[in-house]
Each structure stands twice: as C-alpha cells, then as structure tokens.
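Take a look at the letters that make up each chain.
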Amino acid sequence: MSDPRVVIVGAGPAGVRAAEAFVAAGLRPVVIDEADAAGGQIYRRPPAGFARPPSALYGLEAGKARRLHAAFAALRDRIDHRPGTLAWNVWDRVLHTVRDGVLAQVPYDALVLCTGAMDRVIPLPGWTLPGVFTLGGAQVALKAQGCAVGRRVAFLGTGPLLYLVAHQYRKAGAGVAAVLDTSPYGLRVRSLPGLLALPALVAKGLWYEARLRAAGVPIRTGVTPLAAAGEGAVAALEYADGAGARRRVSCDAVALGYGLKPETQLAELAGCRLAYDEPQDLWLPECDALGRAGNGLYLAGDGARIGGADAAEAAGRLAALACLGDLGLAADGAEVLRLRRRLRRQARFRLALEAAFPFPASHAAGLPDDVVLCRCEGVTAGQVRAAGLEKEAAEVNRAKALVRLGMGRCQGRVCGTAGRHVLAAALGRPVAAVGQLRAQAPVKPLNLAAAAAAAPDTPL
Amino acid sequence: MGGGLAGCSAALHLAGRGIPTVLLEKGQVGAQASGVNFGGVRQQGRHLAEVPLALRSRALWARMAELVGEDLEFRVTGHLRLARHAEDMALLERYAADVAALGLPLQLLGGNALRERFPWLSPAIPGASFCASDGQANPRLAGPAFGRAARRAGADVREGEEAVAVERDGRGFRTVTAAGLELRSRVLLNTAGAWGNRIAERFGEKAAMRTIAPQMVVTEPAPHVVQPVLGIVGGAIYLRQIERGNVIFGTGDGIADIATTRHHVLPANTLAGAAIACHLVPHLAPLQIIRVWTGIEGETEDFIPVIGPSGTTPGLFHAYGFSGHGFQLGPVVGLILSELVAEGRTESPIAPFAIGRFGSPGSR
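It should be emphasised that the depicted structure is a prediction, and the values quoted were computed from it without experimental measurement.

Things to note about the overall build of chain B
Part 1: Scanning chain B from N- to C-terminus turns up ten helices and 22 strands.
Part 2: Relative to the globule expectation of 21 Å for 364 residues, the C-alpha radius of gyration of chain B, 20 Å, shows essentially globular dimensions.
Part 3: For chain B, buried positions account for 60% of its 364 residues.
Part 4: Considering only intrachain contacts with a sequence separation of at least 6, the fraction spanning at least 24 residues in chain B is 72%.
Part 5: Carbon and sulfur atoms provide 53% of the accessible area of chain B, an area that totals close to 13,400 Å².

Quick look at the structure:
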C-alpha cells in the first residue's frame, strides 16, 4: 500500500511548517509555490545576486526568516518541490498546475492550502493615477527587486502592515512622505488589553512607529483620505486630518492598504464554503479549529484566517498534524493542544488588532459616484449603485453580471471589497447579505496556448 | 413558471395584451441557461424546423431597444460556420439551399475568399457559410431586461419563489410555492427550462430530458479582430469576440446536478476548447484565460425544444428543452406563447415541437 499523496500549495510560513511535519512523519509531500524560492510574502527572498543581508531585508524578523529558510532548505531533498508553479484549478481530487507554460495534473489524497493573503483596497478619487500601489506591492518591490515604488512615498490605510512597510522603506533609505492611518489613535489605546495577548508584537509596532517619528516622518491618525492628485502621475495625497482640517502631502507614490484578506479561490473551487465574519469584514473559508475543511482539504495560514506569520507557522504544523491523524499516521495529541492554545492566543490578539485598526467601511460605502471602483473594467461606484437600485442586483455576483464589476484580469481581487460595501450601502442592506464574488477557474490568468498544448489531439 | 428568457418574454407579451400574468422564478430571472449561454444570436445552423421561428425572432432582436428599453449589446456581426473538410462544404451547400427556400440567405465562401475576408482564420479551413444577419448579444443582460420590462408592462414577476406543487382542478390551475404562496390561474405556462420536463411529467406527459452543462471560457481583452461569431460543422467549438475585446468560446459538456442546481466545469474541456481555439485563430495564442463557467440546460432526445399546448391538460402550454441553443429564440417563444394563450393559435409553425412527438402519455 503506497503512501498517501499529500499536496501543499504555498511555501510561506504555513506551507513550510506543514511540509516539515509531513516529512517528519515519513511522507514526501508535493510542495507547490508560485514563487521561485520559499518564504511567502513576509519572508520573500530577493533574486540571486542581490546583496542586502537578512537583517536589512527582514529587520526584527530576521531571526525568524533565517530559521524558516533554513527549515525549508533542510526539507528540499525530501519533498517534491515545484517552484514557479501556479495551481490554477482543483477538481475531483486533482490539482491543476502550470509552470513555464506547461500544464500538469497533481492527484492528491490530502490537499493543504496555504495560499496567503492580499491587501484590502479602498479606492479614492485619483487612485488610478500612475504611482498608486498597494502596501503589498510596495513591499514586493522593495524585497524582491530592491526598489522603492517612488522617491517620496505616502503610506495610507490602516493596520500593522502600514507601519511595517513604511518602516522598511525608511530603513532602506527610501523617502517616506507620511504615514496616514484612518484609525483614530484612541482605538489602539482602548484595544491595548487585548493586544497584550502578544506583547512582543505590540512592542514591535511601537518600535516601528518610534523609528518613523525619530526620522521625522509625519504620522497622522484618524484621517479621511480625500484624493490622490496630480497631472499624469501622483504628485500629492489630500486628506482630512483627525480634526477634519484639509491637508496635503506631496509625494510621487502612494502605498495603500487596509488590512489583509485571504486568497480563498482554490479553497472555494475545492468545495469549501465561505462564511462572513463581521468583526473582520471578511468572507472566511469554513474549517474546524485544526484547519480541516472536509474531503481531504486542509487550510492554514493567512489563506484561511488572517493571523500573521507566527500564527501561520503554528497553523501549518497543526493542519499537517490533523491530516496525519486523519490518515491514520501517528500524531502528538499534546502538541496539537499546545498549537491550538497558541492559535487561540493569536486569535485574541487578532480581534484586538481589528478593533484597533478597523476597516473603514464608510470610506468604501461613501465613494463618490464618479470614482472608478473596478479598474480593470472601468466600472464606477455610481454604476455599481445603479446595478443595485435600477437593475435589481441584490448581491455582488448579479451586479458583476450586469455591470462587469470583477470581470477583469484581477478577477475581483482589487475591487471586490469596495464593491461589496458600495452595493450594500446603496441597497441599505447589511454587507453580509450582498455576498462575495464567486471564485472561478483559473484562479489566476492562464495562458491560452499553454492550455491548448495540454490537449494536443483535440479533434475539430 | 420559470423566469428564463422565454418565460420573461412571455410575461412581457402577455402583459402587453392586458392579460394578468404572474411569473414565478425560484432564483433570479435569467440566471440559469438564459444567462450563462454562449451569447450567439443566430439563425444559421439550426434544425430546419427552428428556422421560421428564428427568422421571426430576428425581427424582434432588431427592435430590442423598443421592446425592453435596452439593446442587450446585440451586434450584427454575422455568423461564420466553418467546414472542417470537403464533405462539410457539401453539407453547408445543401443546408444553404434548404434555408434559402425558407427565406434565410446564406453566402458560401471557398478557401480563397475566406482567407481574403478573414485573414486571421487558420488556412486549414477549406470554406465556410456566412450569415450576414446573425450576430451576438450579452446573455447576462437579456433575462433581467425582459423581466424588468415585463414588470413595467404590468406583469407580477416574483423572484425567489419556487413552485412546489401544481395541479389542475375544476376551477383551473392551483400553484403553491415553497413560501406558502397560493395562486389560481386559468392558464399555466411551463417555461422552466432544464426543469421543464418535471412539470410536464406532473401532468402525465412523456418528455424525457437530459441535463447538460455547456462550458464557456473567456479571455482577457485583446484588439478586436474577430468580427463574426464562429461556429463549425460538428459543433466542436463556438467562438466570438466582443467589442470590449474579450474572446468567449465554448466547448464540451460539464457536470450539472438538476437536484442541487450545482454545476461544474471540467478542466479537460477547457483545455480542449483552448486547443481548438488556437488552431482556428492562431493569433489568440498569447491571450490569458481569466474565467470559465457553465450552467444548467436541458436537452431533449431530438435536440429541438418542446413548444406548444399540453397533450393532456387544457390551459397548459410548454416551452422548454432548448438543448443549448435557445438564446436567439427566447424573444419569439414568449411571443408565440402569448398568441397561443390569447388567440388559441400562433402564426409560427410549431407542429414539429409538439410534446406528443415523444409518444402519447402512458405509452412506452
């Protein structure tokens, strides 16, 4: 009887620790990763030949990054590692992948999805001007390419990532024009008891902020973004400060993000249902506390629950242990309990973090009619409202069918969040009621010729 | 019963005649086959029995803005039906002669003419038949637009209402919905698409139907080069490019479960479709596929719909089983149903679509 076939998608903190657990149990999992080198987003590695040392790349996380990369290096010969590979579909216990234009099918007995997360975006007038990026994009440019997205970058949004990326930019020597946080400072103070579930993370956040202030970077909280302004490219970011006064900061780039949302498309295609979580304003894939989603599917890391890198490492290992137990292979019950306790503490911290840096839904809901909401298809907020009010679209998939929201290359990743809020507010319904854009294959765009090459003898 | 394109069109036409009409749709209007089909608006290539209906429907498509208040993005791009080999050319010639007699002019093109007029087409294609009056539209807009127009005309269009029981007694039809709504009517129209045969069977009619799930693929936008809608003898693929630039093509049959309404695309069909698309229109090769989808459709044994009065029950009329090619016919089917209800007859020749052709009720 051959070994059960385990396939892991994602080689970030969750995927690496899951792979580690399977290897320790004597299995040889397939590890599929879009990136060329393991590490995920947070521990993303620069291309070969880049000279920045880990301490410069990862700052306070350098130790964790090194340990994670070392853990993966130790696994390399004992896993079937497939880097530069996109998992574009899953059906009938087979994962469909593509690498360098060559398609492959990977059958599995157990599938562990560690697909990570992406920024939540709220458009603002002028956001389609050249020079406006997401926080994640700004971070990738820095880590993976050693460039900044601008000479003088304004950071806008909320959440810990806002301060982290601004800090990383300043530390790397890029110009940081300002850090503009939509969350009022008082919320952070009120959330402190909950945040102290993980005091080290609180300390880190304070450290990033302190370093930015020491460098003279203006930090404003409780702001309301007004517009990205410029002729042909971003030249300034206009906002109202906490007291309501109009302000303007000159910049040549904006990096924006309002927390993270999980990449759930593969889980959805694999049959997982999504449930709306109100405190986080996220549609989360349904799974149990160990990451079991049924039918041989396991979920871990930010792709299941936004929790950050440390939580992802624990969740990856936990999901693997749950899977091993389900496969009838030995699992350490005490360790499972320990990991679950860790994750519960992480979850408490996460709740407090949401309360400290809430998603400013009113900024999304209140977008002026003429602001482009769906960049790919050029659909304005007004058109989405009209889909609801005049064309009877009661939920986002219907709105998509009628006005093309989410029909572009980003497949709803950039516009989906704001789209939900604009539609719900226009209809006067709760956000949960308008649903979320349904996932469809391919999970990311797939080249037609590559697909064609996989079916060479198709008769006419 | 059933708010697809045929049902919504019937509601619109009936309301226009002042006949009180309730449309029950268990989900959202136009969301099933009517909304997820390929979007071809064609007369060419149809079973000969359908051609007179398609010609009449084409006249409605020309007046769509007047009929429902918007044009449904209908564009008269022509339909090019490709031959795979010489035998197919003979078939196309015979078909062109047959439909010319019915009033549909087609233009046959040999290899050279094809290459000159459509240089993007693979040189491996020996010839084709071109129908200049055919085109394409946006299926997602159609059902909802007809539904809204029907409401404006006075029809009571109810979404989220699933009929769970329907029967006929001395006083007419009694329909009960899952929410407990009870309706009495003199006439019942079965426009329930893939679910149509279930309603027919309740009234003792023989009408087996297979559930199919035609699959579609759409690419990112690209410069608009492919003008006509493409079809091919044998039906291996259908392909069109919209003004926005996206290329849509369909091939193969996915998985559909009529009981749960869940449907799923089979990856193998997506790949097969991509192979044929690249073979026929080589310059599409660099494009990215950004989405696939399918839906639930009903296919009859002889691949043409059931249209007409019930064989068992007075006041009951059927219009379902469009077997994957009902989009162009939807508007006229609604008109025909309104004629049958109001006048007891229709000018369109619907005898070939009679439900009785599958055997009389009770026979095996």
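Looking at a positive patch on the surface
All names here are of chain A.
Part 1: Taken together, the side chains of R341, R342, R344, R345 and R348 present a region of like positive charge at the surface.
Part 2: Its location among the elements puts R345 in helix α11 (residues 333-356).
Part 3: Its relative accessible area of 35% is what places R345 among the partly exposed residues.

Description of the side chain of N197(B)
Residues and elements named next belong to chain B.
Part 1: Within the element layout of this structure, N197 appears in helix α8 (residues 196-202).
Part 2: With a relative accessible area of 10%, N197 lands in the buried category.
Part 3: Contacts of N197, omitting those with residues within four sequence positions, involve A207, A208, M209 and Y320.

Examining the nonpolar core
Part 1: Counting 96 residues, the largest nonpolar core has L156(A), L237(A), F146(B) and V333(B) as its most contacted members.
Part 2: Not counting the four nearest positions on each side in its chain, L156(A) is found in contact with L124(A), L162(A), L180(A), V223(A), P225(A), L237(A), V254(A), A255(A), L256(A), G257(A) and Y258(A).
Part 3: Among the nonpolar cores identified, the runner-up in size contains 63 residues, and L448(A), A450(A), I125(B) and L271(B) belong to it.

Quick look at helix α10 (residues 330-343) of chain B
For an α-helix, the turn length of 3.6 residues means that residues three or four places apart are oriented alike.
All names here are of chain B.
Part 1: Along its 14 residues, α10 runs 20 Å from first to last C-alpha, staying within 8% of the 20 Å computed at 1.5 Å per residue.
Part 2: Of all 14 residues that make up α10, twelve are buried, and the element is covered over most of its length.
Part 3: When we look at burial in α10, the residues that qualify are G330, P331, V332, V333, G334, L335, I336, L337, S338, E339, L340 and V341.
Part 4: Count one or two residues on from α10 and you reach G344, which has phi positive near 75°.

Looking at the pattern of salt bridges
It is possible for side chains bearing opposite charge to pair when their charged atoms get close.
Residues and elements named next belong to chain A.
Part 1: The final tally for this structure, using the stated rule, is 45 salt bridges over all chains.
Part 2: In this structure, the salt-bridge partner of R188 is E209, at a minimum N-O distance of 3.0 Å. Placement of R188 in helix α6 (residues 185-190) and of E209 in helix α8 (residues 199-214) is noted, with a sequence separation of 21 residues between them.
Part 3: Judged by relative accessible area, which is 7%, E209 ranks as buried.
Part 4: Its salt-bridge partner being R292, residue D326 comes within 2.7 Å of it at the nearest N-O pair. Here R292 lies in strand β20 (residues 292-294) and D326 lies in helix α10 (residues 308-326), a separation of 34 residues in the sequence.
Part 5: For D326, a relative accessible area of 42% corresponds to the partly exposed category.
Part 6: Here the salt bridges share partners, and the residues they tie into one network are E61, K64, K204 and D310.

Considerations on the interface of chain A and chain B
Quite often, the size of an interface is put as the accessible area lost when its parts meet.
Part 1: The partner chain B presents 41 residues to the 38 residues of chain A that form the contact.
Part 2: Carbon and sulfur atoms make up 60% of the surface buried where chain A meets chain B, a total of about 3,400 Å² over both sides.
Part 3: The interface formed by chain A and chain B contains four salt bridges.
Part 4: Where chain A touches chain B, the interface holds 19 residue pairs in polar contact (both at pLDDT 80 or more).
Part 5: Each residue belonging to the side of chain A that touches chain B can be placed in one class, and the counts come to 21 nonpolar, eight polar and nine charged.
Part 6: Sheet topology note: the strand β24 (residues 446-447) of chain A/strand β19 (residues 288-294) of chain B ladder contains two bridges and is antiparallel. Within the sheet, the bridge partner assigned to N447(A) lies in β19(B) and is Q288(B).

Section: the environment of A322(A)
Residue and element names in this part refer to chain A.
Part 1: Tracing the backbone shows A322 in helix α10.
Part 2: Measuring from C-alpha to C-alpha, the distance between A322 and P360 comes to 36 Å, with 38 residues separating the pair along the chain.
Part 3: Residues within four places of A322 in sequence aside, it is in contact with L290, R292 and Y298.

Let's talk about the sheet that holds β20(A)
Residue and element names in this part refer to chain A.
Part 1: With mixed pairing, six strands are arranged side by side in an open sheet as β3-β2-β1-β7-β21-β20. In the strand order of this sheet, the two ends are held by β3 (80-82) and β20, each with one partner. Neighbour-to-neighbour, the strand axes of the sheet open up by a mean angle of 20°, direction not taken into account.
Part 2: Strand direction decides the pairing type here: β20 and strand β21 (residues 297-299), joined by two bridges, are antiparallel.

Conventions and cut-offs
- Residues numbered from 1 in each chain as written.
- Chains lettered and ligands numbered in written order.
- Predicted model: local features only at pLDDT ≥ 70, side-chain atom pairs only at ≥ 80, totals over all residues.
- Heavy atoms only, no water.
- Helix = DSSP H or I, 4+ residues; strand = E, 2+ residues; numbered from the N terminus.
- Rg over C-alpha atoms; globule rule 2.2 N^0.38 Å.
- Buried < 20%, exposed > 50% of the residue type's maximum accessible area, 1.4 Å probe, protein only.
- Contact = heavy atoms within 4.5 Å.
- Areas by Shrake-Rupley, 256 points an atom, 1.4 Å probe, with all protein chains shown as cover.
- Patch = residues over 30% accessible without salt bridge, like charges linked within 9 Å, V, L, I, M, F, W, Y side chains within 5 Å.
- Salt bridge = Lys/Arg side-chain N within 4 Å of Asp/Glu carboxyl O.
- Lys, Arg positive; Asp, Glu negative; His and termini not counted.
- Charge placed at Lys NZ, Arg CZ, Asp CG, Glu CD.
- Core = buried A, V, L, I, M, F, W, Y, C linked by side-chain atoms within 4.5 Å.
- Expected span 1.5 Å × (residues − 1).
- Buried area = accessible area lost by both parts, 1.4 Å probe.
- Polar contact = N/O pair within 3.5 Å; in protein donor to acceptor, adjacent residues only side chain to side chain.
- Nonpolar A, V, L, I, M, F, W, Y, C, P; charged D, E, K, R; others polar.
- Pairing = 2+ DSSP bridges.
- Axes fitted to C-alpha atoms, helices over the stretch in contact; angles between N-to-C directions.

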